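# Examination of the molecular architecture
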Number of protein chains: 2
Amino acid sequence: MQTAEKTCEGFLSELAAKVPAPGGGGAAALAGALGAALGSMVANYTIGKKKYAAVEEDVKGLLCRAEELRRSLLSQVDADAAAFEPLSRAYAIPKEDPGREAVMEERLWNAAAVPMDILRLACEAVEIHSELLEKGSTMVLSDVGTGAALCRAAIEGALLNVKVNTGGMADKQRAAALEKEAQTLADKYGARATEIYKTVLGRYA
Amino acid sequence: MQTAEKTCEGFLSELAAKVPAPGGGGAAALAGALGAALGSMVANYTIGKKKYAAVEEDVKGLLCRAEELRRSLLSQVDADAAAFEPLSRAYAIPKEDPGREAVMEERLWNAAAVPMDILRLACEAVEIHSELLEKGSTMVLSDVGTGAALCRAAIEGALLNVKVNTGGMADKQRAAALEKEAQTLADKYGARATEIYKTVLGRYA
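Residues numbered from 1 in each chain as written. Chains lettered and ligands numbered in written order. Predicted model: local features only at pLDDT ≥ 70, side-chain atom pairs only at ≥ 80, totals over all residues. Heavy atoms only, no water.

### A short note on the relation of the copies chain A and chain B
In screw terms, the move from chain A to chain B is a rotation of 180° and a rise of 0.0 Å along the axis, fitting with an RMSD of 0.0 Å. Classification of the inter-copy transformation places it as that of a two-fold axis. Closest approach to the rotation axis among the C-alpha atoms of chain A is made by Thr7 of chain A, whose C-alpha sits 2.0 Å away. Both copies share a contact surface, since 100% of the interface residues of chain A are interface residues in chain B too. (Least-squares fit on C-alpha atoms with pLDDT ≥ 70 in both. Contact = heavy atoms within 4.5 Å.)

Put into structure tokens, the structure is as follows:
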């Protein structure tokens, strides 16, 4: 069953259980989807209000992107599980098998690619909140702050799940390049999300 | 329908929609439930392993607490919606109505109490990850880091949602006391969660 169709309780129970997936990567993707959904909510409460007529077209564009991001992030929960399963089978190949390293390498690479996608998508969701901080209805400003905090958690979880996989790769140079790309994105957009959160919190002081 | 029984897609769509609830408070509670679930997962992968026999009883205790926290946090999504609905009706009372202030005050207080509970529960979940960092299986160490990041997002979202309500209260002294309690907890456990995350990330360097 796809995550989209699972109940919230069912998904949480699977996450808690001793099963290979969903794990931290899937939880990060779902947190990102929650963050993107709050972006949609803020946009939905802004569109149609006279006070925000001047930015309405921009906010409609943000809504469209937030909807797309929510769908993509939710589908990454399943992509993460799908990439992990062949990797967990590769771990079971006897260490003396000469074909093991090549199989492991390919599956580690596939398993790292999913949290890398989750990371990129969560960074895009931070950009949306960044713009909503300027253009969104102040009635739902707190949801911009909460959304940014959720996206940062998604970014942080995704970064860890990239590194879990790159750490085991034989091609150290290729692994280091991917780690660097992930860390650079996480630093930049994590800091931006913190800034958004602090700005919002400051407005409720 | 209770959130537990909603599909993941259904919940996310409601969060994104122009409806009063769920909003940021519910999203924070669900992020906390994801964080607690990862705590359960780490405990489940630790229990029964020879290498961790010396801490097995402690980890069983942590599992029990994490399971309880997950259930409580999930039920807070509905508690948040239930407290917001009467508040949104109070906002509709004409401003010249002499009874408005007392009604508003009571409902603001009830609406603030839920994110305050979410905040406390998410702080407890951070404590669990703090202990799992020492006692949990290193095979699932990244899930401790992701769990801590999710709990911090829950704390931050909950703090904002306390302040959304305290900001409108007439009894400024009582409001300030609650805000201070929330901010103190958020500062302490937010910092602890960051420390856990950074420690875990450092181990994958």
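### Some words on the side chain of Thr46 of chain A
All names here are of chain A. Along the polypeptide, Thr46 turns up in helix α2 (residues 24-46). According to the relative accessible area criterion, Thr46 is buried, its value standing at 2%. With residues up to four places along the chain from it excluded, the contact list for Thr46 reads Tyr52, Val59, Lys135, Gly136 and Ser137. (Helix = DSSP H or I, 4+ residues; strand = E, 2+ residues; numbered from the N terminus. Buried < 20%, exposed > 50% of the residue type's maximum accessible area, 1.4 Å probe, protein only.)

### Details of the interface of chain A and chain B
Taken residue by residue, the interface counts 55 residues in chain A and 55 residues in chain B. Regarding the contact of chain A and chain B, the summed buried area is about 4,600 Å², with carbon and sulfur atoms giving 68% of it. Its largest share of buried area at the contact with chain B, chain A owes to Cys8, Leu12 and Leu160 of chain A, together 14% of the area lost on that side. Our count for the chain A to chain B interface comes out at two salt bridges. Between Glu156 of chain A and Arg152 of chain B there is a salt bridge, with the nearest N and O atoms lying 2.7 Å from each other. Every element with two or more residues in the side of chain A that touches chain B is listed here: α1 (8-16), α2, α3 (56-91), α5 (141-166) and α6 (172-203) of chain A. Broken down by class, the residue content of the side of chain A that touches chain B amounts to 32 nonpolar, 13 polar and 10 charged. (Buried area = accessible area lost by both parts, 1.4 Å probe. Salt bridge = Lys/Arg side-chain N within 4 Å of Asp/Glu carboxyl O. Nonpolar A, V, L, I, M, F, W, Y, C, P; charged D, E, K, R; others polar.)

### Quick word on the pattern of salt bridges
Residue and element names in this part refer to chain A. Under the counting rule described, the total for this entry stands at 26 salt bridges over all chains. Between Glu57 and Lys60 there is a salt bridge; the shortest N-O distance is 3.7 Å. With Glu57 and Lys60 both in helix α3, this residue pair falls three residues apart, about one helical turn. Judged by relative accessible area, which is 57%, Glu57 ranks as exposed. When its relative accessible area of 37% is taken as the criterion, Lys60 is described as partly exposed. Asp117 is the salt-bridge partner of Arg120, the closest N and O atoms lying 3.0 Å from each other. With Arg120 and Asp117 both in helix α4 (residues 100-135), this residue pair falls three residues apart, about one helical turn. Classification of Arg120 by relative accessible area gives partly exposed; the value is 34%. The exposure class assigned to Asp117 is partly exposed, which follows from its relative accessible area of 32%.

### Brief notes about the packing of α1 of chain A against helix α2 (residues 24-46) of chain B
Helix-helix packing is characterised by the crossing angle of the two axes and by the distance between the axes. One can describe the packing of α1 of chain A onto α2 of chain B by two numbers: an axis separation of 7 Å at closest approach and a directional angle of 35°. Every residue of α2 of chain B that contacts α1 of chain A at Phe11, Leu12, Leu15 and Ala16 of chain A is listed here: Leu30, Ala33, Leu34, Ala37, Leu38, Ser40, Met41 and Asn44 of chain B. (Axes fitted to C-alpha atoms, helices over the stretch in contact; angles between N-to-C directions.)

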